[in-house]
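Chain and residue survey
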Amino acid sequence: MAADDLDVVFTVLPGALPALRRELVRSGLTTSPEGGGAPEADDGAPGDGPNDADADELRLTLPRTAETLRTLARLRTAVSASLAVATDTGRPTGLLSSESLGEVDRVLEAISWQRPRVTFSGLRLEAAGAETPQMLRIAAELAERAGVPVSEDGDLVVRVRRARGAGWEALVRTTPRPLATRPWRTERYPGALNATLAAVVVDEVEHVRWQLGGSDGGVDGDEGDAPVVVDLMCGSGTLTLERLARGRVARAVAVDVAPEAIAILERHQRASRIKGRIEAVVADVADVARTGGVLADLAGTADVVVANPPWGELLGAHATNERLSRDLLDAADRIGADDVVVGVLTHDIRRFERVLDHDARWRLIARPQLFAKGHRPRLFVLVRA
Ligand SMILES: C[S@@+](CC[C@H](N)C(=O)[O-])C[C@H]1O[C@@H](n2cnc3c(N)ncnc32)[C@H](O)[C@@H]1O
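The name that an unreviewed UniProt entry assigns to the protein is Putative RNA methylase family UPF0020, with the source organism given as Salana multivorans.

If you want it as C-alpha cells, here you go:
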C-alpha cells in the first residue's frame, strides 16, 4: 500500500454489501461497484455475487485525504469504517514496532482531519484475550498516542485480530459512534428498524427502479427523479427518513395505525436535519385497501410503496399476518402507479410467500435476505405483473 493510501475496512450487515458497493460509487469513493480501490480477491462478484450475501466486511484501499474521511463518516449503508494497521510478525505486540506505531500515528492523524472535528473520550480495545498483558500493553500504547485514557466504554474503538494470511492487524474505527447511529433517533419504538438496514432497503428498492428505467438510481451521483414515496406501516419513520436522506422526493407519505408512532415520527423528523416534508397520517392499511381512506387522493400515483409489517408480539391480538399482508398488497395496488415498485421487509417469510402465491397482480423482482437484531428478514421487491 502506498504511503498516501489508507487501508479501509467496512463492517456491513449480512446482505448489505451490494447496497454499500453502490453507495461507495455514488459517494465518489470508488468508480465501480467492484470497488475502484482494491477489493479482496474473495469478496465475491459485484452486486449479487455468491459471497456477497453473507459477507460482513469489505476492504478497500482509498486515498489518504480529508475528503475520504469526511465521506466515510457520511455513509449510511455501512455499520462502521475502520482504518487498518498491519504487522507481519507472528505476535500482536508486533503492532508496537516503530514502523507500525508510525502507521498508527498516520491513521490517527487522518481521523483528526474530519470536520466537524471528532473527539474521543477513551480507547476501547476489542480483542480475543483483551485482558492479557500483551493486549493491555497495546491498548496503553495506542491510547497514549491518541491522547486518551484506556476505557471499557471508550469510543475510540480499536479491534486487534489476526490478519488474513499472516501477522496481526489493528482496526481503528473512524467515528466515535457507529455509522448506524442517527442523530434524529431520539426515541425508542418497539420494532423500529436499524437505520443502516433501512438505508439498505431504500437502496434495494431504488436499485430495482433504476434497473426498470424508472430512476437513474443516483448511481452517477445524481439525485434521480423525484418519486412519490409511501410507507404504509411507518412506525417511528426510519424508512421514510432514510429515503429522504437518499434524495429528493415529490411527496413522502408515512402511515401507521398507531397515533403514538406518528407522534414519534414527527419528533424524529424535527430532530433530523434531513430536508423534505413528511405527510404523516394515522390510518389503518385495511381502510386504504378498501376505499383509499385518508390516502384516497394518492390513487394510482405512488412510485414507491414500502412497508415493514409487525411480527410476533408486535402483531395486534386480533390481526393475522395473512390478513395484513393481503391488505398491504391491496393498498399498494390502489395507491401505486402503473410502474410502482413495492418493497416489503418481513420476518414472516413463509406467510408472505403464501399470500404472494395467491396474488396474480404482482411479480417478484428480488428477495434479498438481510439481517436485523438476530433476525433474518427478507425484502420482497415487487412490481405489477
Ligand atoms: C415493525 S413496526 C414498523 C417499524 C418501523 N419500520 C420503524 O422503523 O419504526 C410495524 C408497524 O406497523 C403498524 N401497523 C400494524 N398494523 C397496521 C395497520 N393495520 N395499518 C397500519 N399500520 C399498522 C404498527 O403500529 C407498527 O408501527
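Here we take up the confidence of the model for the protein. Per-residue confidence for the protein gives a mean pLDDT of 90; residues scoring 70 or more make up 90%. Low confidence marks residues 36–50, where pLDDT is under 50. Its contacts with residues over four positions away, or in another chain, come to 27 contacts.

Near the ligand lie 22 residues; those nearest to it are Gly191, Met233, Gly235, Ser236 and Thr238. Of the residues contributing to the shell around the ligand, the split by class is 15 nonpolar, 5 polar and 2 charged.

Structurally, Ala289 is set in helix 8 (residues 285–291). The exposure class of Ala289 is buried, given the 21 C-beta atoms found within 10 Å. For the pair Ala289 and Asp327, spaced 38 residues apart in sequence, the C-alpha separation works out to 5.5 Å. Every residue in contact with Ala289, bar those within four places of it in the chain, is listed here: Asp327, Asp330, Ala331 and Arg334.

What follows concerns the sheet that holds strand 4 (residues 123–126). The strand order across the open sheet formed by 6 strands is 2-1-3-6-5-4, and the pairing between neighbours is mixed. Only two strands of the sheet have a single neighbouring strand rather than two, namely strand 2 (57–63) and strand 4. On average, each strand axis in the sheet is tilted by 30° relative to the strand beside it, whichever way the strands run. Here strand 4 runs beside strand 5 (residues 156–162); their pairing, made up of 4 bridges, is parallel. Across the sheet, Leu123 pairs through a bridge with Leu156, a residue of strand 5. The strands touched by helix 3 (residues 98–112) within the sheet are strand 1 (5–11), strand 3 (80–87) and strand 6 (168–173), with strand 3 carrying the most contacts at an inclination of about 160°.

Cut-offs applied
- Residues numbered from 1 in each chain as written.
- Predicted model: local features only at pLDDT ≥ 70, side-chain atom pairs only at ≥ 80, totals over all residues.
- pLDDT = per-residue confidence, 0-100.
- Contact = placed C-beta atoms within 7 Å.
- Near = placed C-beta within 6 Å.
- Nonpolar A, V, L, I, M, F, W, Y, C, P; charged D, E, K, R; others polar.
- Helix = DSSP H or I, 4+ residues; strand = E, 2+ residues; numbered from the N terminus.
- Buried ≥ 20, exposed ≤ 12 C-beta atoms within 10 Å, placed from the backbone.
- Pairing = 2+ DSSP bridges.
- Axes fitted to C-alpha atoms, helices over the stretch in contact; angles between N-to-C directions.

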